[in-house]
Amino acid sequence: MHNLTIAELVKGLQSKEFTSVELTQHFLDRIANLDPAYNAVITVTTEQALQAAAAADQRLADGNAPDLCGVPILHKDIFCTDGVRTSCGSKMLDNFIPPYNATVVENFEKAGAVVLGKTNMDEFAMGSSNETSFYGAVKNPWATDSVPGGSSGGSAAAVAARLAPGATATDTGGSIRQPAALCGISGIKPTYGRVSRWGMIAFASSLDQGGPMARTAEDCALLLNCMASYDDKDSTCIDREVPDYTANLNRSVKGLRIGVPKEYFSEGLHPGTEEAVRAALAKLQEQGAELVEISLPNSALSVPAYYVIAPAEASANLSRFDGARYGYRCENPKDLEDMYCRSRAEGFGEEVQRRILIGTYCLSAGYYDAYYGKSQQVRQLIQQDFVSAFENVDLIMGPTCPSPAFKFGAKGDDPVAMYLEDIYTIATNLAGLPGMSIPCGMVEGKPVGLQIIGNYFDEAGILNAAHQYQQASDWHTQAPEGIA
Amino acid sequence: MSIERSEIEKLATLSRIAINEETISEVAQRLGSVLELVDQLQAVNTDGVEAMSHPMQATQRLREDEVTELNRREALQAIAPETEDGLFLVPKVIE
């Protein structure tokens, strides 16, 4: 059952080939048996999952089942779940049990999905390797000495290891696409404002966006149908109808104009990754798409602009963790100041503290214009690059990340080396555009991701091209050793 | 780019993060390397470019001034480190 796609599971459940309780128990058993090797799941909600599965089976029997009725999924531990610990990968929230659900969680509940548990992640979504999690790093199912990517590394590894057919994730600078690439699965970051951020623990509010991960583009479309919504509770959510993302999947790519940015194939790109990505582009060309070389001249500025904007917004967002109302409080504070300072020093990990300090620096008196103001201007330039490019092309494609999964500790000493992991993904967050990663090859036994960037609200166009590529390739069906 | 010890101490105070004396120089070195990265921005000509705060130029929308949230004080205080009589307790502020 674990090798079936979500589309197939929905059919199997509706035609009563298996029940949701059987399916849910099967995935719970897989988590119990296999996850000790990967550490992808922080909290397993066995009892609630089996109850929800039984309720789903009842609805399926009654014939009034919603779209994802009985399908088991995992939530990234950044989405608040009523009554279930939501840690955000941090000691700060190790004891945090939210009294409410995130809108995304509500949406899946309404669609009848069964939640198996919560996935591991970099602390407060700050990282590209999952090494910053308070609960320990997640291991890549393709090579357990290597990182799964981050920050949604737990969700990506869980889907790759078939611990769940799909999972929720979030992307601030590449946190859906980069782990999807390194774990050989599919994942889409929608347009900024497409998915509600309410109840999704904030990192950098002008960049954060939730999205789904699954093995195929079709499954991502099914999950996004449920995940995307307009939400009054998120003031940056865009009030726009959610289309059926599965409607155009079968459209041919004939005549599709694909922009290939020359800046995404420059030095630093692993030759094996380049070869796999070029082969995928050639395959799409064979299917009738047209490749057009384009330029995104300000690409190189996206990493520095991001590492001002993201930490600046993080330093403001994370000021809410004060040890007073929820989360970690240090022992025996001698006064209020001591309570704040020690709770934050003891509750936050090293990378989170570093980003708070950088953000505070960039926002402090005398530096604001030179750093934050300047970055917001550069952000405009980066967006203009994309706006110009989309005048001539329908989609933009290139590598998701510069190389396949690296080994644990390989980028440990230098934060900047780690930051460059997101060099191809960050620009779309700065511009607010949708982007996806799908598997397109293997290098040294590790997966390579093809990145597909679309125009604003063209998630359907991205998913269509991804699905068409997956009709002509089988990278998305491959499983790590010992998994199938 | 180097960053002074005293500057790290000031940032730590502003951020309300207790900082360990022994780690200051290491923190300074790592922050320095990040600042070196972001300093690439200073060379960019952004004259006349408007700062971008929302990708779709969306502005805050307004709503009717109505009560939409229920009072959930008990549920919200149940997860607090320390409360008493419906109040959050913190160390004594006034002597």
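The paragraphs below set out a description of the structure included in this document. Note that the structure is a prediction, hence the values are computed from the model and not measured.

Parameters and conventions
Residues numbered from 1 in each chain as written. Chains lettered and ligands numbered in written order. Predicted model: local features only at pLDDT ≥ 70, side-chain atom pairs only at ≥ 80, totals over all residues. Helix = DSSP H or I, 4+ residues; strand = E, 2+ residues; numbered from the N terminus. Rg over C-alpha atoms; globule rule 2.2 N^0.38 Å. Buried ≥ 20, exposed ≤ 12 C-beta atoms within 10 Å, placed from the backbone. Contact = placed C-beta atoms within 7 Å. Expected span 1.5 Å × (residues − 1). Pairing = 2+ DSSP bridges. Arc of directions from axis to C-beta. Nonpolar A, V, L, I, M, F, W, Y, C, P; charged D, E, K, R; others polar. Axes fitted to C-alpha atoms, helices over the stretch in contact; angles between N-to-C directions. Parallel < 35°, antiparallel > 145°, perpendicular 65-115°, else oblique. Left-handed = near helix turned anticlockwise from the far one by under 90°. Core = buried A, V, L, I, M, F, W, Y, C linked by C-beta atoms within 7 Å. Right-handed = clockwise from strand over helix to strand, strands pointing away.

What follows is about the overall build of chain A. Each helix and strand in chain A was counted, giving 15 helices and 11 strands. Relative to the compact-globule value of 23 Å for 484 residues, chain A shows a C-alpha radius of gyration of 21 Å, a close match. With respect to the principal axes defined by its C-alpha atoms, chain A has extents near 65 × 55 × 45 Å. The buried share of chain A, reckoned over its 484 residues, is 62%. Within chain A, residue pairs in contact and separated by at least 24 positions form 77% of the contacts whose partners lie at least 6 positions apart.

Residues and elements named next belong to chain A. Between the first and last C-alpha of helix 15 (residues 459–471) there are 18 Å, a value that for 13 residues agrees with the 18 Å anticipated at 1.5 Å per step. In terms of burial, helix 15 is largely enclosed, as 10 of its 13 residues are buried. Listing the buried residues of helix 15 in full gives Glu459, Ile462, Leu463, Asn464, Ala465, Ala466, His467, Gln468, Tyr469 and Gln470. Each element contacted by the buried residues of helix 15 is listed here: strand 5 (186–189), helix 7 (217–227), helix 8 (271–286), strand 9 (395–399), strand 10 (435–443) and strand 11 (446–454).

Attention shifts here to the pairing of strand 9 of chain A. All names here are of chain A. Most of strand 9 sits out of view: 5 of its 5 residues are buried. In this sheet, strand 9 lies alongside strand 7 (residues 257–261) in parallel orientation, the contact comprising 2 bridges. By the bridge assignment, glycine 259 is partnered in strand 9 with isoleucine 396. The pairing of strand 9 with strand 11 spans 5 bridges and is antiparallel. Within the sheet, the bridge partner assigned to glycine 398 lies in strand 11 and is glutamine 451.

What follows concerns helix 2 (residues 20–34) of chain A. Every α-helix carries 3.6 residues per turn, so stepping three or four residues along brings you back to the same face. All names here are of chain A. Compared with an ideal rise of 1.5 Å per residue, which puts 15 residues at 21 Å, helix 2 spans 21 Å between its outermost C-alpha atoms and is within 8% of the ideal. Restricting attention to buried positions, one finds in helix 2 the residues Ser20, Leu23, Thr24, Phe27, Leu28 and Ile31. The buried side chains of helix 2 occupy one side of the element, clustering within an arc of 130° when seen end-on. When the buried face of helix 2 is taken as reference, the exposed residues oriented beyond 90 degrees from it are Asp29 and Asn33. Here the buried face of helix 2 lies against helix 1 (6–14), strand 1 (41–44), helix 3 (46–62), strand 2 (72–76) and strand 3 (114–119).

Attention shifts here to the interface of chain B and chain A. Opposite the 38 residues of chain B that make contact, chain A presents 55 residues. Sorting the residues of the side of chain B that touches chain A by element identifies helix 1 (5–15), helix 2 (24–38) and helix 3 (73–77) of chain B as the ones contributing at least two each. If one sorts the elements of the side of chain B that touches chain A by residue count, helix 2 of chain B sits on top with 6 residues. Here the side of chain B that touches chain A is composed, by residue class, of 26 nonpolar, 7 polar and 5 charged.

Moving on, we come to unusual backbone geometry. In this chain, glycine 150 of chain A is followed by serine 151 of chain A through a cis amide linkage whose omega measures 5°. If you trace the backbone, serine 151 of chain A turns up in the loop between strand 3 and helix 5 (153–160). Here the phi dihedral of phenylalanine 457 of chain A falls at roughly 65°; this positive angle occurs in a residue that is not glycine. Within the secondary structure, phenylalanine 457 of chain A sits in the loop between strand 11 and helix 15. Its 20 C-beta neighbours within 10 Å are what place phenylalanine 457 of chain A among the buried residues. Even without glycine at this site, arginine 16 of chain B takes up a positive phi of about 55°.

Attention now moves to the packing of helix 2 of chain A against helix 3 of chain A. Residues and elements named next belong to chain A. Between helix 2 and helix 3, whose axes approach to 8 Å, the crossing angle comes to 155°. Our classification of the angle between helix 2 and helix 3 gives roughly antiparallel. The crossing of helix 2 and helix 3 is right-handed. Between helix 2 and helix 3, the residues in contact are Ser20, Val21, Thr24 and Leu28 and Thr46, Ala49, Leu50, Ala53, Ala54, Ala56, Asp57 and Leu60, respectively. Here the residues of the contact of helix 2 with helix 3 sort into 8 nonpolar, 3 polar and 1 charged.

The next point concerns the nonpolar core. All names here are of chain A. Of all hydrophobic cores here, the largest spans 162 residues; its most connected members are Leu116, Ala158 and Leu395. Counting residues per element, this core draws most heavily on helix 9 (residues 302–317), at 9 residues. Setting aside chain neighbours within four positions, we find leucine 395 in contact with Leu256, Ile258, Gly259, Ile452, Ile453, Gly454, Gly461, Ile462 and Ala465.

Our focus in this paragraph is the pairing of strand 2 of chain A. Residue and element names in this part refer to chain A. Across the 5 residues of strand 2, 5 count as buried, placing the element largely inside the fold. Every second residue of strand 2 is oriented toward a common face, with Pro72, Leu74 and Lys76 on one face and Ile73 and His75 on the other, all of them buried. For the crossover that starts at strand 2, traverses helix 4 (residues 103–110) and ends in the parallel strand 3, the hand is right-handed.

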